[in-house]
Amino acid sequence: MSLKHFCFLLNFSLLGLWSCLTSAQAMQSIYDYDIKQWTAVDGLSNNSVRAVTQDQQGYLWVGTLEGLNRFDGTHFESFSSNNTRRQLIGNVITRLYTDSQGYIWVGTMTGLSGLNSRTLKFDRYNVLGEVTAIAEVGEREIWVAADNLFRIRDGQVSRVEEIKESVSQIAVTPEHVWVSSSRYLYKLARNGQLDKISLPADLAQHPVYDLLWQNGVMYLASEQGYYLVDSQGQVQPANLPMDRGVPVYQLHSDSQGGDWVSSYDKLFYRHQQQQWQVISRDELGSATQFNDIFEDRQQNVWLGSFGDGLYRVSRGKIKRVIGQAQRDVMVRSVVRTADDALLIASSQRLGLLDKTQHYTEIQLSGDTPLNVVQDLEPDGATWLLATDNGPKRLTLEDGKLTPLTDALRGIKTKTIKKRQAGGFWLGTNDGLFQWQQELIPFALNHEFESSVITFVQDNPEKLLVGTTRGAYQYQQEKLLRVGLGTPLYNAFVTTMLQLPQGPLVVGTVDDGLFVRLFDGKWLQFDTSNGLPFEPVVSLFHDAASDYVWVSTLKGIFRFQPHLLGDSPPGQNLFEEVLTPYERQLGTAPGRCCNGSGASKVVFWQDQLWYPTLKGLVAVPVKLKASSSQTYQPLVQQIQAQKLYSLLPEQNRLVLETDERNVSLRYTAIDFLKPMALEFRYQLVGFDEDWHQVGSRREAIYTNLPAGRYLFRLQARNLNQSWDLAGQTQLELVIPRRFDETVLYRGLWLLLGLFLLYGLFWLARRNVQLREAELTKLVKLRTQELETSNIRLNELNEQLSQLTHKDALTGLRNRRFLFEQLPKDIEHYQRNRESMLAQNKCIALMQLDLDNFKVINDKFGNSAGDSILQQVSGLLIRETRGSDYVVRYAGEEFMLVMRDIPLDMVREFACRLNELISSEAFVLPDGRTVSVQCSVGYAIYPLELLGGQLIGWEISLQLAELALYHVKHNGRNGVASIQFDRQVDAFEFEDSDHIEAQIEKLLADGVAWFELNSGRQQDSIIN
């Protein structure tokens, strides 16, 4: 997604969001909606979305300027006149409508088609011209607005004779059917009575884009603005906070009582007749015009934009709060006051947020400026503040801000906490101090390996201290290092939490989350073994639910400590609450909770409040686990020698007799968190156990014997157990060929017996002759054998030099690569037009194992050879039969993927990187080791001007440069070099200086590295 598209929702207006708060009920805010965007980059056929609907199975259907798309939450499947046997009358979709029978009516720029979503079969109807509206006016009766008004009943098309002019929009109410034309608004009663309402002069002869019946009033969206029909039957301008004459395109009333209005330069929202919330064109960028607004059965609102793709707006469980009159929205610290309000420290201001979300700024006075506040702690009638410019004292009554002590003036202070023995602990960049009306350095400051104190918690039994080089506990006048023998020993500690039952939880910047269990055993979690996000910022324990809530710079998650020690294999212990890929309306993605100080979470009004770059995020502490929903998996189609499409209720499929290799494509529909779904499947009768495949949505089987099989498929949320997973099953029948029958095999057995008897008879007849001849030939053969052995050894040595096979791994070698790749390129060029039409390419992936020398040095060359063999087996398993894997050099491998869809290359490279990182490789002595890898890939041909002029050698060098980029950026990742479409292929004429040419293109900004990286990690020995 481009930066321009991100700007669509980065800066939503705050105008009116909290202006109508009352003592009875707060106004519903547009911040309560989460949003996600899909564009052509995600597989949508075109960024101009014209219509949206949903079928009975739950699939979303999206009509664009270039065809129809079926969407399950992760994948768009496109339909156009090119792949529907031309039953889709046109590719420019203008309207979509699902009737009460589940049949989808598809309006296009050139006429009307119909779609049975269960069979994926299209019908064509005799309605020509642009379809502007479709409505179901009665049982099995559809009206269509095109060049005329048409009625379709039982598949038969006829004209609606009551209205004899071109119409644009249709709306159905309990008593009437409303139809708009260029001059009139027709009101057709169920009994046949027809009333005409003349459009006012400023509205006549201008397009009407939408009609909406709401609360007994008919509203019109038109080129001239927003109108309604009053009680006297007159068309009058409706009330919107905008200038008259601005076009309005879409009207929608959702099931939650919210009204949505899309205009040329604004988007309007209001909840239950409250004040309109205005989102202006400047705040939305170019994506202000929506062609359709649709609400699905899960109450998600879908916005089809004019040029920026598809948006999903859903009611979130998390609220974002910006106080009324709050000018500085970047919140750094928050704490609860004694009078049940929130004291908020923003970037350079302090203020109080009351229960009605009214913000009162504290007017600061004094001779010291306010810097970033890291922590706040009450001290009687005043507050102590830990700031980047030293500790300060704040008096709320007059806003007076004074330094706490001149000794720490200008010294960055991270935390201030009360002492059990009285006074306060001050954690600074110069060590730990006590404050009891005077400053006293901690007696054991010299024992800290780092003087930068990041965390302090004084418990009745011990004092916990975090630094940038490890964690400590002070007990019985002794300072002890926490986490000996673990990476926590030298970790940058951000926060610590001592649970009542005994476990200790420690958060760090770069080393993840550490938990000390009841028995003293330490567990470490990072992004390589289940931790969703890093670095950890804050910890909070909810005793009622036994959840520990964790906030990071990228999101929020929670877990239950008692499950960590003995969790079953495959269970995801960490439940994601807010991810970096989710955002609320008016906020930027990718950043959650700020800073690493101490006042980063507070419990207030049964919610956890977190500071963010834009206000506070409030999360209900009793948030229901997302794993409660059951996801029903669907088997969509089976690909063998031919394609088998399945009906929704179909539970049995008989394949053709010769079908032995099958690929089953499946899915589960989820629009909120589709990437949190994972699948497993089993082919009963062939598989001994389940295949757990994560988010992969395809099962591939080869060389299946004839017989009956039961394909079982389950889908679950990552936080669910498999016992709660949804399941479906399909019986697969593979008929036997004649050569697999008992009769056929019996005939062969009988023939074999006859042959054996004949051979035995001939053998006895010739045995005596052979014995005589053998005696004579023994001496001669012995001499010839010695000569042959010598010659054979020479030939074997030559053959080993000419072979294409690597002796250690069994893979192809470099010789094979440089002999075979030109042939593949020649084959591609012969079929170039077909390949380009199918968006296929040749992918070159260079894979290098990270830090492989460490394994050889630590465990020996035999261990390294074993890992290379296991990696080779993994690569062979994950590639297709048409691909080949080459041992390029040492621990480097080259994968050549022929005729692969272009949009699958990056996904396959990332998945390969994740598979190797997650695999446990077994050493010869039985121990296991984890290995990471770096992947650089390039494609042939490159999508450049004159790209056909570039040879495969350039693509090979680009893959190598991308690999080096991953190595230089921390390893464990996937990279490729992307080029602007203005780059000409002649830039690469001189292949001897490709690195210099790439450096120039990077400097000019017309080339860039696309990098997906994981955190570098040494091998872990179990």
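Residues numbered from 1 in each chain as written. Predicted model: local features only at pLDDT ≥ 70, side-chain atom pairs only at ≥ 80, totals over all residues. Heavy atoms only, no water.

Colleague: How would you sum up the overall build of the protein chain? Please name residues and give values.
Modeller: From N to C terminus, the protein chain includes 10 helices and 74 strands. By principal-axis analysis of the C-alpha atoms, the protein chain measures approximately 125 × 95 × 60 Å. Across the 1022 residues of the protein chain, 52% fall into the buried class. Here the contacts in the protein chain between residues at least 6 apart in sequence split such that 53% fall between residues at least 24 apart. Of the roughly 47,600 Å² of accessible surface on the protein chain, a fraction of 49% belongs to carbon and sulfur atoms. Computing the positive centroid from 100 side-chain charges and the negative centroid from 119, the protein chain places the two 4 Å apart. (Helix = DSSP H or I, 4+ residues; strand = E, 2+ residues; numbered from the N terminus. Buried < 20%, exposed > 50% of the residue type's maximum accessible area, 1.4 Å probe, protein only. Contact = heavy atoms within 4.5 Å. Areas by Shrake-Rupley, 256 points an atom, 1.4 Å probe, with all protein chains shown as cover. Lys, Arg positive; Asp, Glu negative; His and termini not counted. Charge placed at Lys NZ, Arg CZ, Asp CG, Glu CD.)

Colleague: Which residues make up unusual backbone geometry, and what are the values?
Modeller: The omega torsion across Glu-534 and Pro-535 is -10 degrees, close enough to zero to call that bond cis. Structurally, Pro-535 can be placed in the loop between strand 49 (522-525) and strand 50 (536-542). Of note, the bond from Tyr-940 into Pro-941 is cis; its omega dihedral lies within 30 degrees of zero at 0 degrees. Within the fold, Pro-941 resides in the loop between strand 72 (933-940) and helix 9 (952-968). Of note in the backbone geometry, Leu-120 takes a positive phi value of approximately 60 degrees without being a glycine. The phi torsion at Gln-476 lies on the positive side, around 55 degrees, for a residue other than glycine. Note on placement: Gln-476 falls in the loop between strand 44 (470-475) and strand 45 (478-482).

Colleague: I'd love a proper account of the nonpolar core, names of residues and values included.
Modeller: Inside soluble globular proteins, nonpolar side chains tend to come together where they are buried. Ranked by internal contacts, the top residues of the largest apolar core, which has 53 residues, are Leu-847, Leu-849, Ile-867, Leu-875, Leu-958 and Phe-979. Core analysis: the second largest hydrophobic core is formed by 28 residues, Leu-646, Leu-683, Val-693 and Ala-699 among them. (Core = buried A, V, L, I, M, F, W, Y, C linked by side-chain atoms within 4.5 Å.)

Colleague: Explain the sheet that holds strand 29 (residues 319-321) residue by residue, including any values.
Modeller: Pairing in this open sheet of four strands is antiparallel, and the strands run 29-57-56-55 from one edge to the other. Across the chains shown, the open sheet's two edge strands, defined by having one partner strand only, are strand 29 and strand 55 (602-604). On average, adjacent strands in this sheet sit at an angle of 35 degrees to one another, irrespective of strand direction. Where strand 56 (residues 607-611) and strand 57 (residues 616-620) come together, five bridges link them in antiparallel fashion. Bridge pairing links Pro-611 to Leu-616 in strand 57. (Pairing = 2+ DSSP bridges. Axes fitted to C-alpha atoms, helices over the stretch in contact; angles between N-to-C directions.)

Colleague: Provide a residue-level description of the pattern of salt bridges, including the pertinent values.
Modeller: Here the structure, examined in full by the defined rule, presents 36 salt bridges. For Asp-850, the salt bridge is made with Lys-967, and the minimal N-O distance between the two is 2.5 Å. Of this pair, Asp-850 sits in the loop between strand 67 (840-849) and helix 6 (852-859) while Lys-967 sits in helix 9, and the two are 117 residues apart along the sequence. Of the charged contacts in the structure, one is a salt bridge between Arg-911 and Glu-878, with a shortest N-O distance of 2.8 Å. With Arg-911 in helix 8 (residues 905-918) and Glu-878 in helix 7 (residues 861-878), this residue pair connects regions lying 33 residues apart in the sequence. Overall, Arg-911 belongs to the partly exposed group, its relative accessible area being 26%. (Salt bridge = Lys/Arg side-chain N within 4 Å of Asp/Glu carboxyl O.)

Colleague: Break down helix 10 (residues 994-1004) for me, citing the residues and quoting the values.
Modeller: Residues lying three or four places apart along an α-helix face the same way, a consequence of the helix completing one turn every 3.6 residues. Taken together, the buried positions of helix 10 are occupied by Ile-994, Gln-997, Ile-998 and Leu-1001. Down the axis of helix 10, the buried set is contained in an arc of 100 degrees. They therefore lie on one face. For helix 10, exposure combined with an orientation more than 90 degrees from the buried face picks out Glu-995, Ala-996, Glu-999, Lys-1000 and Ala-1003. Buried residues belonging to helix 10 abut helix 9, strand 73 (973-979) and strand 74 (1007-1013). Looking one or two places after helix 10, you find Gly-1005, whose phi comes out positive at around 80 degrees. (Arc of directions from axis to C-beta.)

Colleague: So what about the pairing of strand 69 (residues 892-901)? Which residues, and what values?
Modeller: Both strand 67 and strand 69 contribute to a ladder of eight bridges, which runs antiparallel. Within the sheet, the bridge partner assigned to Asp-848 lies in strand 69 and is Glu-892. Pairing of strand 68 (residues 884-889) with strand 69 involves five bridges; the strand directions are antiparallel. Looking at the pairing, Arg-887 lines up with Phe-893 of strand 69. As consecutive antiparallel partners, strand 68 and strand 69 are separated by two residues, and within that stretch Gly-890 has a phi angle of approximately 55 degrees, a positive value.

Colleague: Can you explain the environment of Arg-665? Please cite residues and give values.
Modeller: Position of Arg-665 among the secondary structure elements: in strand 61 (residues 662-668). Considering only alpha carbons, one finds Arg-665 and Ser-198, 467 residues apart in sequence, at a separation of 55 Å. For Arg-665, the residues in contact, after removing those within four places along its chain, are His-75, Glu-77, Leu-634, Val-635, Gln-636, Gln-637 and Arg-697. At 2.7 Å, the side chain of Arg-665 forms a polar contact with the side chain of His-75. (Polar contact = N/O pair within 3.5 Å; in protein donor to acceptor, adjacent residues only side chain to side chain.)

Colleague: I'd like to hear about a nonpolar patch on the surface, residue by residue, with values.
Modeller: A contiguous nonpolar surface patch, about 890 Å² in accessible area, is contributed by Leu-749, Leu-750, Leu-753, Phe-754, Leu-756, Leu-759, Trp-761 and Leu-762. Locating Trp-761 in the fold gives a position in helix 3 (residues 742-802). (Patch = residues over 30% accessible without salt bridge, like charges linked within 9 Å, V, L, I, M, F, W, Y side chains within 5 Å.)

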